[in-house]
Amino acid sequence: DVKVTQSSRYLVKRTGEKVFLECVQDMDHENMFWYRQDPGLGLRLIYFSYDVKMKEKGDIPEGYSVSREKKERFSLILESASTNQTSMYLCASSLHVQPGELFFGEGSRLTVL
Amino acid sequence: GESVGLHLPTLSVQEGDNSIINCAYSNSASDYFIWYKQESGKGPQFIIDIRSNMDKRQGQRVTVLLNKTVKHLSLQIAATQPGDSAVYFCAENTGGFKTIFGAGTRLFVKA
């Protein structure tokens, strides 16, 4: 079975803290994505990566950065967390360069106090 | 701008009935469409997809219809079961890496 694993399901952080969200996939997929999910807004793309050490901004990259040092791992970093970053964060991977199915992790719910 | 919208935020159906979830998209350049199902506490899961050169595609108990003339996508679920209760997202892609998701429709199945 294909699997995308997000290491933290629930996190509570304080304003100004640095936050790391980790994602690992075991499918040898080239592409990995970080989405943010908020009620009524659907999923919005933060960053994606199509290869090791490569990254591209999505629709809402402000306040976030990413790291992809290994093919299977894609990390989302909040340098200084703010309350408006309280959200559900979803990691996904895909095999194809052209559009295809996204495989999602179970999400990381972040609360920033 | 690009957007994918849903006509109804919630849908309630009786167990055994058919469900129809609708979706409108605005980008006529989109050529690949996907439906995802998200159960509580889980990430979205792929249900079915369709490319713009088709107008209908069937899976197991699910059918996706694409009407490019009016930029409309629908998901039909036959004989809806309690396990179908979830949030359903339509998504569109114009090629490449960017997939645009709709806001989602919550489906409630009444026993």
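Look up: the structure comes first, before these words.
Sequence order as written defines residue numbering, which begins from 1 separately in each chain. All chains are assigned letters beginning at A, and all ligands numbers beginning at 1, according to the order in which they are written. Owing to the predicted nature of the model, reporting of local features is limited to residues with pLDDT of at least 70; listing and counting of side-chain atom pairs is limited to 80 or more, with chain, interface and lining totals taken over all residues. Calculation of side-chain values draws on the structure's entire complement of heavy atoms; hydrogens and water are dropped beforehand.

Some thoughts on the overall build of chain A
Regarding its fold elements, chain A presents zero helices and eleven strands. Starting at the N terminus, helices and strands are each numbered in turn, a helix being any DSSP run of H or I of at least four residues and a strand any DSSP run of E of at least two. The N-to-C order of helical and strand elements in chain A reads β-β-β-β-β-β-β-β-β-β-β. For chain A, the C-alpha atoms occupy an extent of roughly 40 × 30 × 25 Å along the three principal directions. Relative to its 113 residues, chain A shows a buried fraction of 48%. For chain A, long-range pairs separated by at least 24 residues make up 55% of all intrachain contacts whose partners lie at least 6 apart in sequence. In the structure as shown, chain A presents an accessible area of about 5,600 Å², 50% of it carried by carbon and sulfur atoms. Treating the 15 positive side-chain charges of chain A as one cloud and the 16 negative ones as another, the clouds have centres 6 Å apart. Think of it in three bands: with a 1.4 Å probe and only protein chains considered, a residue is buried below 20% of the maximum accessible area for its type, exposed above 50%, and partly exposed in between. Here, residues are in contact when the closest pair of their heavy atoms is within 4.5 Å. Each accessible area is a Shrake-Rupley estimate made with a 1.4 Å probe; only the visible protein chains count as cover when residues are assessed. Residues scored as positive are Lys and Arg, those scored as negative are Asp and Glu, and His as well as the terminal groups of each chain are ignored. Charge positions are represented by NZ for Lys, CZ for Arg, CG for Asp and CD for Glu.

Structural notes on the overall build of chain B
If you tally the helices and strands in chain B, you get zero helices and eleven strands. Mapped in sequence order, the helices and strands of chain B form the string β-β-β-β-β-β-β-β-β-β-β. With the radius of gyration taken over C-alpha atoms, the globule rule is written as 2.2 Å times the number of residues to the power 0.38. Against the globule reference of 13 Å for 111 residues, chain B gives a C-alpha radius of gyration of 13 Å, in line with a compact fold. Summarising its shape, the C-alpha atoms of chain B cover approximately 40 × 25 × 20 Å along the three principal directions. Every one of the 111 residues in chain B was classed for burial, and the buried ones make up 44%. When contacts within chain B are restricted to residue pairs at least 6 apart in sequence, long-range pairs at least 24 apart make up 53% of them.

Describing the interface of chain B and chain A
Opposite the 19 residues of chain B that make contact, chain A presents 22 residues. Taking both sides of the interface into account, the surface hidden between chain B and chain A amounts to around 1,700 Å²; carbon and sulfur atoms contribute 60%. Of all residues in chain B, Pro44(B), Phe97(B) and Phe101(B) bury the most surface against chain A, accounting for 36% of the area lost on that side. As used in this structure description, the phrase polar contact means that two N or O atoms lie within 3.5 Å; if the pair is within protein, one of them must be able to donate a hydrogen and the other to accept it, and residues adjacent in sequence are counted only when both atoms belong to side chains. Scanning the region where chain B abuts chain A turns up four residue pairs in polar contact (both at pLDDT 80 or more). Looking at the side of chain B that touches chain A, the elements with two or more residues in it are strand E4 (32-38), strand E5 (45-51), strand E9 (86-93) and strand E10 (99-101) of chain B. Looking at which element gives the most residues to the side of chain B that touches chain A, the answer is E4(B), with three residues. Gly counts as polar in this scheme, as do all residues outside two lists: the nonpolar Ala, Val, Leu, Ile, Met, Phe, Trp, Tyr, Cys and Pro, and the charged Asp, Glu, Lys and Arg. Among the residues forming the side of chain B that touches chain A, the class breakdown is eight nonpolar, eight polar and three charged. Accessible area that two parts lose when put together, evaluated with a 1.4 Å probe and summed over both, is termed the buried area.

Let's talk about the packing of aromatic side chains
Residues and elements named next belong to chain A. Here a Phe, Tyr or Trp ring, Trp counted by its six-membered ring, pairs with any other such ring whose centre lies within 6.5 Å, and the pair is stacked when the planes are under 30 degrees apart, edge-to-face when over 60, and tilted otherwise. A full pass over the atoms with the stated rule returns ten aromatic pairs over all chains. For the ring pair tyrosine 35 and phenylalanine 104, a centre distance of 5.9 Å and an interplane angle of 50° mean the geometry is tilted. Of this pair, tyrosine 35 sits in strand E4 (residues 31-38) while phenylalanine 104 sits in strand E10 (residues 103-104), placing them 69 residues apart in sequence. A relative accessible area of 0% places tyrosine 35 in the buried class. Overall, the relative accessible area of 11% leaves phenylalanine 104 in the buried class.

So, the sheet that holds strand E3 (residues 19-25) of chain A
Residues and elements named next belong to chain A. On the basis of which strands lie adjacent, the open sheet formed by four strands has the order E1-E3-E8-E7 and antiparallel pairing. Either end of the sheet is taken by a strand with one partner, and the two such strands are strand E1 (4-6) and strand E7 (65-70). Strand-to-strand twist across the sheet, computed as the mean angle between neighbouring axes with direction ignored, equals 20°. Here, a strand pair is defined by DSSP locating no fewer than two bridges between the strands. Sheet analysis places E7 next to strand E8 (residues 73-78), joined by four bridges and oriented antiparallel. When the sheet's bridge partners are listed, serine 65 is paired in E8 with isoleucine 77. Fitted lines through C-alpha atoms give the axes, limited to the stretch in contact for helices. The angle between two N-to-C directions lies from 0 to 180 degrees.

So, the nonpolar core
As used in this record, nonpolar core signifies buried Ala, Val, Leu, Ile, Met, Phe, Trp, Tyr and Cys residues forming a set joined through side-chain atoms within 4.5 Å. Membership of the largest hydrophobic core comes to 21 residues, with the highest contact counts inside it found for Trp34(A), Ile46(A), Leu76(A), Leu78(A) and Tyr89(A). Secondary-structure elements contributing two or more residues to this core are E3, E4, strand E5 (42-49), E8, strand E9 (87-94) and strand E11 (108-112) of chain A. Excluding its chain neighbours within four sequence positions, the residues that come into contact with Leu76(A) are Val19(A), Phe20(A), Leu21(A), Trp34(A), Ile46(A), Tyr64(A), Ser65(A), Val66(A) and Tyr89(A). Counting residues in hydrophobic clusters, the runner-up holds 20 residues, among them Leu66(B), Tyr88(B), Leu107(B) and Val109(B).

Considerations on the state of the cysteines
In this description, the term disulfide denotes a pair of cysteine sulfurs within 2.5 Å. With the rule as written, the count across this model stands at two disulfides over all chains. Between the sulfur of Cys23(A) and that of Cys91(A) lies a disulfide, 1.9 Å long from S to S. Looking along the S-S bond of the Cys23(A)-Cys91(A) disulfide, the torsion reads about -80°, which is the left-handed sense. Within this pair, whereas Cys23(A) is found in strand E3, its partner Cys91(A) is found in strand E9, the two being separated by 68 residues in sequence. Given a relative accessible area of 0%, Cys23(A) falls into the buried group. The exposure class of Cys91(A) is buried, given its relative accessible area of 0%. Each sulfur of the disulfide joining Cys23(B) and Cys90(B) lies 1.8 Å from the other. Negative torsions about the S-S bond denote left-handed disulfides, and the value of about 60° found for Cys23(B) with Cys90(B) makes this one right-handed. You can see Cys23(B) sitting in strand E3 (residues 19-25) and its partner Cys90(B) sitting in strand E9, a full 67 residues away along the chain.

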